[in-house]
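Structural overview
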Amino acid sequence: MKRKDYISWDEYFMGIAKLSGMRSKDPNTQVGACIVSDDHKIMSMGYNGFPAGCSDDDFPWDREGDFLDTKYAYVTHSELNAILNFRGGTLEGTTLYVSLFPCNECAKAIIQAGIKTVVYSDDKYDGTPGNIAAKRLFASAGVKYYKYEDTGRKIELDL
Ligand SMILES: [Zn+2]
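Nothing here was measured: the structure is a model prediction, and the numbers come from that model.

Attention now goes to the sheet that holds strand β4 (residues 117–122). As summarised here, the arrangement of the 5 strands in space is β2-β1-β3-β4-β5, forming an open sheet in which the pairing is mixed. Both outer strands of the open sheet, β2 (42–47) and β5 (144–147), are each paired with one neighbouring strand and no more. Along the sheet, successive strands turn relative to each other by an average axial angle of 15°, direction set aside. As defined by bridge partners, β4 adjoins β5 across 4 bridges and the pair is classed as parallel. Bridge assignment links V118 to a residue of β5, and that residue is Y145. Taken strand by strand, helix α1 (residues 9–21) contacts β1 (32–36), β2, β3 (95–100), β4 and β5, and its axis lies near 140° from that of β1.

Written as structure tokens, this is what we have:
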């Protein structure tokens, strides 16, 4: 008789998105993304961080102050990193799992990359201008999105 407690596809991919987020050095928000093909193959992953070669020790993680002294001037979001990390051809028709609903800048990249579905976990910026803009872009471009349903499963890994 086969095992019944194995993780679902949604748990698997959201789990990988969240695991990727754990790589982020951002002291406030760790976001991870995982892009998946129609046939359940992982195409790419990403997390929020500074561009390659830009040291985490040289750039600021601050959220307030002069723009040039904040992370906003330098950080790349997980969704865009996942798109840019993919070097293998096309992401047309894929699904993106992400731990936080995409901002409007990532929404543009998601649409332009041909990603057709977004599965998100948290939507803590719901109703803010960037969030509203992202949803407007998705609706217009025909990108579907739905909230990942928490299963309550806890996974512990021995590393
Ligand atoms: Zn973003």
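Before going further, it helps to examine the environment of L68. One can find L68 in the loop between β2 and α2 (78–85). Sequence separation between L68 and S121 is 53 residues; the distance between their C-alpha atoms is 30 Å. The contacts of L68, once residues within four sequence positions are left out, are P60 and Y74.

Calculation notes
Residues numbered from 1 in each chain as written. Predicted model: local features only at pLDDT ≥ 70, side-chain atom pairs only at ≥ 80, totals over all residues. Heavy atoms only, no water. Pairing = 2+ DSSP bridges. Helix = DSSP H or I, 4+ residues; strand = E, 2+ residues; numbered from the N terminus. Axes fitted to C-alpha atoms, helices over the stretch in contact; angles between N-to-C directions. Contact = heavy atoms within 4.5 Å.

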